[in-house]
Amino acid sequence: MRAVSSDNRGMDTMDGNAFNEALDALGALLTSRGHRYAVVLIGGGNLFLRGVITRPTNDGDLLGERDASGSVVRMDRLPGPLERAIADVAMTYGLKDDWLNLGPAALLDRDLPPGFEARLEGRDYGPGLTVWLGGEHDLIFFKLYAAADHWPAQDRHLEDLRKLRPTRNDLLAAARWSRGHDPSPGYRALLVATLVHLGIEDADDVLER
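What counts, and at which threshold
- Residues numbered from 1 in each chain as written.
- Predicted model: local features only at pLDDT ≥ 70, side-chain atom pairs only at ≥ 80, totals over all residues.
- Heavy atoms only, no water.
- Helix = DSSP H or I, 4+ residues; strand = E, 2+ residues; numbered from the N terminus.
- Buried < 20%, exposed > 50% of the residue type's maximum accessible area, 1.4 Å probe, protein only.
- Pairing = 2+ DSSP bridges.
- 1 Å grid on protein atoms, 1.4 Å probe; cavity = no way out; pocket = protein on both sides within 12 Å on 5 of 7 lines; lining within 4 Å.
- Points joined across faces, edges and corners; volume = space filled by probe spheres on them.
- Nonpolar A, V, L, I, M, F, W, Y, C, P; charged D, E, K, R; others polar.
- Phe/Tyr/Trp six-rings, centres within 6.5 Å; stacked < 30°, edge-to-face > 60°.
- Lys NZ or Arg CZ within 6 Å of the ring centre and 35° of its normal.
- Core = buried A, V, L, I, M, F, W, Y, C linked by side-chain atoms within 4.5 Å.
- Contact = heavy atoms within 4.5 Å.
- Axes fitted to C-alpha atoms, helices over the stretch in contact; angles between N-to-C directions.
- Left-handed = near helix turned anticlockwise from the far one by under 90°.
- Expected span 1.5 Å × (residues − 1).
- pLDDT = per-residue confidence, 0-100.
- Salt bridge = Lys/Arg side-chain N within 4 Å of Asp/Glu carboxyl O.

Observations regarding unusual backbone geometry
Note on backbone geometry: most residues besides glycine have negative phi, and most peptide bonds are trans.
Stage number 1. Between W151 and P152 the backbone carries a cis peptide bond, its omega angle lying at 15°.
Stage number 2. When you line up the elements, P152 lands in the loop between α4 (136-150) and α5 (156-163).
Stage number 3. The backbone of R165 shows a phi angle near 50°, a positive value even though the residue is not glycine.
Stage number 4. Tracing the chain through its elements places R165 in the loop between α5 and α6 (168-181).

Now the structure itself:
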């Protein structure tokens, strides 16, 4: 498993092969213990599995759990058996304890992008684990939100957003959605600056419509 380490708390970053191998191990461990989970993955880990990016990632971002009806359900914390299995994989492979975490769960406080659940794509890691990948269209929404929130830093979120090759319409739809999550004037200013940087020169006017 290839990764970069800076201290004894575990690997700071994982490459795509390392992340996929860790998920394989997690699925096998859950299966051996008689558990099964279906989780929804967004962020850099999702982009890794899709082959969109090759840069290392800090962790895998779980939005929540997918239930039998196909809905995404928030988990206020990881279920005990899943949390223990994640920790055991971390110990075995030298990863950070939170290599898989619920960091983006607050996105469920408000509406997900329209049609999000219909665009989920499942990948099985043995009987014990199914990872549902948020669609690339939806990742544009999340990445623009994160890139604007971090502006003027031109960080991994902006880089990932460019890799997704969003159209003008994609970016404007994502911008309007993100305003539902943060309607503050301060965020709007950051959002406009980000959109202008991405080539939408009339962003300030368009967002008023």
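Some points on the pairing of strand β8 (residues 129-133)
The two faces of a sheet get side chains in turn, since along a regular strand they alternate between them.
Stage number 1. In terms of burial, β8 is a largely internal element, five of the five residues being buried.
Stage number 2. Of the two faces of β8, the one holding L129, V131 and L133 and the one holding T130 and W132 are both buried throughout.
Stage number 3. Pairing of strand β3 (residues 37-42) with β8, which is carried by five bridges, proceeds in the parallel orientation. Within the sheet, the bridge partner assigned to V40 lies in β8 and is W132.
Stage number 4. As paired strands, strand β7 (residues 121-124) and β8 are joined by four bridges and run antiparallel to one another. Of the residues in β8, the one forming a bridge with D124 is T130.
Stage number 5. Hairpin connection of β7 to β8: four residues between the antiparallel strands, including G126 at a positive phi of 80°.

Observations concerning the layout of surface pockets
Which parts of space are left empty comes out when a probe the size of a water molecule is rolled across the atoms.
Stage number 1. Taken as a whole, the largest pocket encloses approximately 450 Å³ of empty space.
Stage number 2. Secondary structure elements with two or more residues in the lining of the largest pocket: α2 (43-50), α4 and α5.
Stage number 3. Examining the composition of the lining of the largest pocket, we find that six residues originate from one element, α4, more than from any other.
Stage number 4. Its residues assigned to classes, the lining of the largest pocket comprises seven nonpolar, seven polar and six charged.

Considerations on the packing of aromatic side chains
Stage number 1. Overall, the coordinates contain six aromatic pairs when judged by the stated rule.
Stage number 2. An aromatic cluster of at least three residues, connected via ring pairs, comprises F116, F141, F142, Y145, W177 and Y187.
Stage number 3. The positively charged end of R66 is found above the aromatic ring belonging to W132, 3.9 Å away from the centroid.

Looking at the nonpolar core
Stage number 1. Core analysis: the biggest nonpolar cluster contains 70 residues, and F19, L23, L26, L63, W99, L100 and L195 have the highest contact counts within it.
Stage number 2. When near neighbours in sequence (up to four residues on either side) are disregarded, L26 contacts L82, A85, I86, V89, W99, L100 and L129.

Points about the packing of α4 against α5
Stage number 1. Two elements in contact, α4 and α5, have axes whose closest approach is 8 Å; the angle formed by their N-to-C orientations is 145°. In this structure, α4 crosses over α5, and the sense of that crossing is left-handed. Contacts between α4 and α5 involve I140, K143, L144, A146, A147 and H150 on the former and, on the latter, H157, L158, D160 and L161.
Stage number 2. Here the residues of the contact of α4 with α5 sort into six nonpolar, two polar and two charged.

Re helix α3 (residues 80-93)
Stage number 1. The terminal C-alpha atoms of α3 lie 20 Å apart, and with 14 residues this matches the ideal 20 Å at 1.5 Å per residue to within 8%.
Stage number 2. Those residues of α3 that sit buried are P81, L82, A85, I86, V89 and A90.
Stage number 3. Looking at the packing, one finds that the buried side of α3 touches α1 (16-32), β3 and β6 (100-101).
Stage number 4. Downstream of α3 by one or two residues, G94 has phi in the positive range, about 70°.

Thoughts on the confidence of the model for the protein
Stage number 1. The predicted model of the protein averages 92 in pLDDT, with 94% of residues at 70 or higher.
Stage number 2. Long-range and interchain partners of residues 1-9, a stretch whose pLDDT sits below 50, account for 21 contacts in this model, where long-range means more than four residues apart.

Side note on the pattern of salt bridges
Stage number 1. For the coordinates displayed, the defined rule picks out twelve salt bridges.
Stage number 2. E83 is paired through a salt bridge with R77; the nearest N and O atoms lie 2.6 Å apart.
Stage number 3. Exposure remark for R77: the relative accessible area of 56% places this residue in the exposed category.
Stage number 4. Within this structure, R50, E121 and E136 form a network of salt bridges that share partners.

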